[in-house]
Amino acid sequence: MNWKKAATILLGCALAGAVLVGCGGQQAAQKDNNQDGKNIVKVGLLTRQNLSEDKLNSLLKEKESSSQAMIVTYYDNLSAMQMALDAGNIQSMRIYKSVASYLTDRNNNLVVKEVADHPMDEFCFGVRKEDEKLQADLNRVIADMKADGTLEKLSKEYVTALKKGEEPPAVTLPFQPGDVPLRIAVTGDLPPLDLVKADGSAAGFNTAILAEIGKRLRCSIEVVQVASGGRAATLTSKKADVVFWTVVPVEKKANNEAVGIKGLFMPRDADVPEGMALTDSYFSDEVVDVAKK
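Just so we're clear, the structure is a prediction, and the values are computed from it rather than from any experiment.

Remarks on the pairing of strand β4 (residues 92–96)
Residues in a regular strand point their side chains to alternate faces of the sheet.
Okay, step 1: In terms of residue burial, β4 counts as a mostly covered element, since five of its five residues are buried.
Okay, step 2: Across four bridges, the pairing between β4 and strand β14 (residues 283–292) is antiparallel. Bridge pairing in β14 links tyrosine 96 to valine 287.

Thoughts on helix α7 (residues 150–160)
Okay, step 1: Among the residues making up α7, those that are buried are Thr150, Leu151, Leu154, Ser155, Tyr158 and Val159. For α7, the angular spread of the buried residues around the axis is 125°, confining them to a single face. Exposed residues pointing more than 90 degrees away from the buried face of α7 are listed as Glu152, Lys153, Lys156 and Thr160.
Okay, step 2: Close packing links the buried residues of α7 with α5 (97–106), α6 (132–147), α8 (204–217) and β14.

Quick word on the side chain of serine 98
Okay, step 1: Topologically, serine 98 is positioned in helix α5.
Okay, step 2: Contacts of serine 98, omitting those with residues within four sequence positions, involve Val159, Pro192, Leu193 and Asp285.

A short note on the pattern of salt bridges
Okay, step 1: Summed over all chains, the structure comprises 16 salt bridges.
Okay, step 2: For arginine 48, the salt bridge goes to aspartate 121, with nearest N and O atoms at 3.9 Å. Residue arginine 48 is found in the loop between β2 (38–46) and α3 (53–63), and its partner aspartate 121 is found in strand β6 (residues 120–128); the two are separated by 73 residues along the sequence. You'll find arginine 48 and aspartate 121 in the same group, each marked buried.
Okay, step 3: Taken together, the salt bridges that share partners define one network made up of Arg128, Glu130, Asp131, Arg183 and Asp241.

What about the sheet that holds strand β8 (residues 189–190)?
Note on sheets: strands pair through backbone hydrogen bonds, and any given pair is parallel or antiparallel.
Okay, step 1: The three strands are arranged β8-β9-β10 in an open sheet whose pairing can be described as antiparallel. The outermost strands of the open sheet, each flanked by one partner alone, are β8 and β10 (202–203).
Okay, step 2: With two bridges joining them, strand β9 (residues 194–196) and β10 adopt antiparallel strand pairing. Looking across to β10, one finds that leucine 195 is bridged to alanine 203.

Structural notes on the packing of aromatic side chains
Okay, step 1: Taken as a whole, this structure holds nine aromatic pairs when the rule is applied.
Okay, step 2: Aromatic side chains phenylalanine 205 and tyrosine 282 sit 6.5 Å apart centroid to centroid with 40° between the ring planes, which places their arrangement in the tilted category. Note that phenylalanine 205 is positioned in helix α8 and tyrosine 282 in the loop between β13 (276–278) and β14, a separation of 77 residues in sequence. Taken individually, phenylalanine 205 and tyrosine 282 each receive the classification buried, so the pair is uniform in this respect.
Okay, step 3: Their ring planes at 10° and their centres at 5.3 Å tell us that phenylalanine 244 and tyrosine 282 sit as a pair that is stacked. Of the two residues, phenylalanine 244 is situated in strand β12 (residues 242–249) and tyrosine 282 in the loop between β13 and β14; the sequence distance between them amounts to 38 residues. Here phenylalanine 244 and tyrosine 282 have matching classes, each one buried.
Okay, step 4: A cation over an aromatic ring shows up here: arginine 106 above the ring of tyrosine 102, its NZ or CZ 3.7 Å from the ring centre.
Okay, step 5: We note arginine 231 situated over the ring of tryptophan 245; from NZ or CZ to the ring centre the distance is 4.3 Å.

Rules used throughout
- Residues numbered from 1 in each chain as written.
- Predicted model: local features only at pLDDT ≥ 70, side-chain atom pairs only at ≥ 80, totals over all residues.
- Heavy atoms only, no water.
- Buried < 20%, exposed > 50% of the residue type's maximum accessible area, 1.4 Å probe, protein only.
- Helix = DSSP H or I, 4+ residues; strand = E, 2+ residues; numbered from the N terminus.
- Pairing = 2+ DSSP bridges.
- Arc of directions from axis to C-beta.
- Contact = heavy atoms within 4.5 Å.
- Salt bridge = Lys/Arg side-chain N within 4 Å of Asp/Glu carboxyl O.
- Phe/Tyr/Trp six-rings, centres within 6.5 Å; stacked < 30°, edge-to-face > 60°.
- Lys NZ or Arg CZ within 6 Å of the ring centre and 35° of its normal.

By themselves, these figures tell us nothing about what the structure is for.
Here it is in structure tokens:
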């Protein structure tokens, strides 16, 4: 895959999207956020695989209080969501704490705000339901990497110990000419977890995990870069064998009801479309809001 070309296309799409979002953005920003006596909170969220923006906003409307309402806007990549925040189209971005730290370390105009109830998401691989052997192989490797400390080591090296302003190093993925590779769909736009750099090189925590998985499964790894909203389609169309990343909220209830997050109730299957099976989790992270100071 031509990574440099892919990165250029992604950047171009993000900029084009930002222009479209920005049209009328100043007018939107000047609108009164108080409607029917309620304070309207506008939040950006990366596109989910199995829950439409309209459906999520319907769920939010059912649970809104008498004094405050939340409106969510989906974005297919982090860059477009940041531009919407800068333009005033949203008041905050709801993302993961590790990603928030990465952004605020590089932009003094941003601040992290804790979300009530401290919601957590677990990160898993998504595979087609019929690929039971692949699911089992990935679960075995995840278990081995937990047991021998590899996951903890990689998490520290690529996430928690990353110095302020430092970029995650590029990772060489195993590949043998003539080998049938395991194709992994990644967004490449969630640093330091999932990152494809401007020069097209794959980097970050997830890529380091992929390299280790390829080594342990003795297979080549090919990365397929997709937008957040295109992950499921890439899997079902068989353009990829595995989706990186798929998330599941850490359950706070005994049943499959929506997980309680103040102002944003996210169902357990919000990122798991029909036909997709998940592996065991390999990482978890807290959900926070990032806003302008």
